[in-house]
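# Coordinate inspection notes
Given next are the chains, with one letter for each unit.
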Amino acid sequence: MLTSEQKIRYAEDGYLILRDFKSKAEIAALRARAEAIVDAFDPAESRTIFTTNEQARKVDHYFLNSADRISCFFEEEAFDAAGALRQAKALSINKIGHAMHDKDPVFEAFSHGPALAELAADLGLTQPQVWQSMYIFKQPGIGGEVGWHQDATFFDTTPISVTTFWFALEDATLSNGCLWTEPGGHRGPRGVLRERFERHGDVVTMNKLDATPWPASNVNAVPLEVQAGALVVFHGLLPHYSAPNRSAVSRHAYTLHVTDASTTYAASNWLQRSAADPVRGFVV
């Protein structure tokens, strides 16, 4: 699927943008299904908020038990001081996670297939395993910031193999919180794992491993403005970030986190699957 030039660019930059990877019909089906999931979600079930601020202190059993389920998480600014939603439920959800790719037929169809399998092989994943899916809403006005991080922090393998597949379901722009990244930040002296998110039982910790500073958006980081249908793939050590969305336009995206079964998946990773519900690849 990838040309020799694209493979070289991915190795050098740590990311690649593939335009028009998904059709309008595929995107419309996924968005409609996400809307139905949110519509059926009862906020009384959980008011768990997703935030990257003080993340180790914010997780709860609803989050920890979401590895093999379909769960909804609220935006950080969804509730007022009295605990009531500031706006409609449909405009208050931060994301749906984390097993739609396995537990819902519409998401399963979007998340699998020969095109993704071929792309994974071109990226060097010999035995891809899809661990996690997230539908991210980046709601208008209150879409939360996602601070600088590396996805290998949450999906540690030896050697590091996690690769992110980020699908733009709407146009992602500077105004509505597009991704930012540091080209080449996955290699060389800056290509080190800086933090590791670990789980032991019901206790989670964010452990600092390296003091290498995060990129500065006006110095060594670039925005990734892409149109709906594009797929951004990036290396697990590549630093990335997205600003809050203060615009009147949402920025829906869908992500898959994939590791290579030829590597060792850490027992301390927060997301685990039981033998009765094993992780699968792109071809089902």
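Note that this is a predicted model, so its numbers are computed, not measured.

Analysis parameters
- Residues numbered from 1 in each chain as written.
- Predicted model: local features only at pLDDT ≥ 70, side-chain atom pairs only at ≥ 80, totals over all residues.
- Heavy atoms only, no water.
- Helix = DSSP H or I, 4+ residues; strand = E, 2+ residues; numbered from the N terminus.
- Contact = heavy atoms within 4.5 Å.
- Buried < 20%, exposed > 50% of the residue type's maximum accessible area, 1.4 Å probe, protein only.
- Pairing = 2+ DSSP bridges.
- Core = buried A, V, L, I, M, F, W, Y, C linked by side-chain atoms within 4.5 Å.
- Phe/Tyr/Trp six-rings, centres within 6.5 Å; stacked < 30°, edge-to-face > 60°.
- Lys NZ or Arg CZ within 6 Å of the ring centre and 35° of its normal.
- Expected span 1.5 Å × (residues − 1).
- Salt bridge = Lys/Arg side-chain N within 4 Å of Asp/Glu carboxyl O.

Assignment of secondary structure puts Gln129 in strand β4 (residues 128–136). For Gln129, the contacting residues outside a window of four places in its chain are His257, Val258, Thr259, Asp260, Ala261, Val279, Arg280 and Gly281.

Looking now at unusual backbone geometry. Here the residue pair Gly97 and His98 is connected by a cis peptide bond, since its omega of 0° sits within 30 degrees of zero. Positionally, His98 belongs in strand β3 (residues 93–98). Across the junction of Thr158 and Pro159, the peptide omega takes the value -10°, indicating a cis bond. Within the secondary structure, Pro159 is located in the loop between β6 (157–158) and β7 (163–168).

With that settled, the discussion passes to the pairing of strand β12 (residues 231–235). Most of β12 sits inside the fold, with 4 of its 5 residues counted as buried. Here strand β1 (residues 15–18) pairs with β12 via 4 bridges, running antiparallel. Looking at β12, one finds that Ile17 is bridged to Val232. Here β7 pairs with β12 via 5 bridges, running antiparallel. Across the sheet, residue Thr164 finds its bridge partner in β12, namely Phe234.

If you look at the biggest cluster of nonpolar residues, it comprises 56 residues, and the most contacted ones within it are Ile96, Leu119, Tyr135, Phe165, Phe167, Leu231 and Tyr254. Element by element, the count of residues in this core is highest for helix α2 (residues 24–40), at 5 residues.

Right, let's talk about the packing of aromatic side chains for a bit. Applying the stated criterion across every chain yields a total of 16 aromatic pairs. For the pair Phe41 and Phe74, a centre-to-centre distance of 5.9 Å together with 50° between the ring planes defines the contact as tilted. Taken together, the positions of Phe41 in the loop between α2 and α3 (55–58) and Phe74 in strand β2 (residues 70–74) put the pair 33 residues apart, joining distant regions of the chain. Between Tyr62 and Phe73, the aromatic rings sit 5.5 Å apart at their centres with planes inclined by 65°, giving edge-to-face as the arrangement. With a gap of 11 residues between them, Tyr62 in helix α4 (residues 61–64) and Phe73 in strand β2 connect regions that are remote in the sequence. The ring centre of Phe110 lies 4.2 Å from the NZ or CZ of Lys22, which sits over that ring.

So, about the side chain of Glu75. Its location among the elements puts Glu75 in the loop between β2 and β3. In this view, Glu75 contacts Ile49, Ser92, Ile93, Asn94, Lys138, Gln139, Ile142, Gly143 and Gly144; residues no more than four positions away in its chain are not counted.

This part covers α2. Helix length check: α2, at 17 residues, gives a terminal C-alpha distance of 24 Å against a target of 24 Å (1.5 Å per residue), a fit within 8%. On its buried side, α2 packs onto β2, β3, α6 (105–111), β4, β7 and β14 (253–260).

Further remarks concern the pattern of salt bridges. Scanning the entire structure with this criterion turns up 17 salt bridges. Here Glu108 makes a salt bridge to Arg280, at a shortest N to O gap of 2.8 Å. Separated by 172 residues along the polypeptide, Glu108 in helix α6 and Arg280 in the segment after β15 (264–265) bring together distant segments of the chain. Overall, the relative accessible area of 27% leaves Arg280 in the partly exposed class. In this structure, the salt-bridge partner of Arg196 is Glu198, at a minimum N-O distance of 3.7 Å. Judged by relative accessible area, Glu198 falls into the buried class, the value being 15%. Residues joined by salt bridges that share partners form a network here, namely Asp102, Lys103, Glu108, Arg273, Asp277 and Arg280.

This part covers the environment of Tyr10. Considering the arrangement of structural elements, one finds Tyr10 in helix α1 (residues 4–13). Note on Tyr10: relative accessible area 10%, which makes it buried. Through-space distance from the C-alpha of Tyr10 to that of Gly188 is 15 Å; in sequence the pair is 178 residues apart. Apart from the residues within four sequence positions on either side, Tyr10 is in contact with Tyr15, Leu16, Leu123, Thr163, His186, Val233, Phe234 and His235.

It is worth stressing that arrangement in space is one thing and function is another; only the former is reported here.
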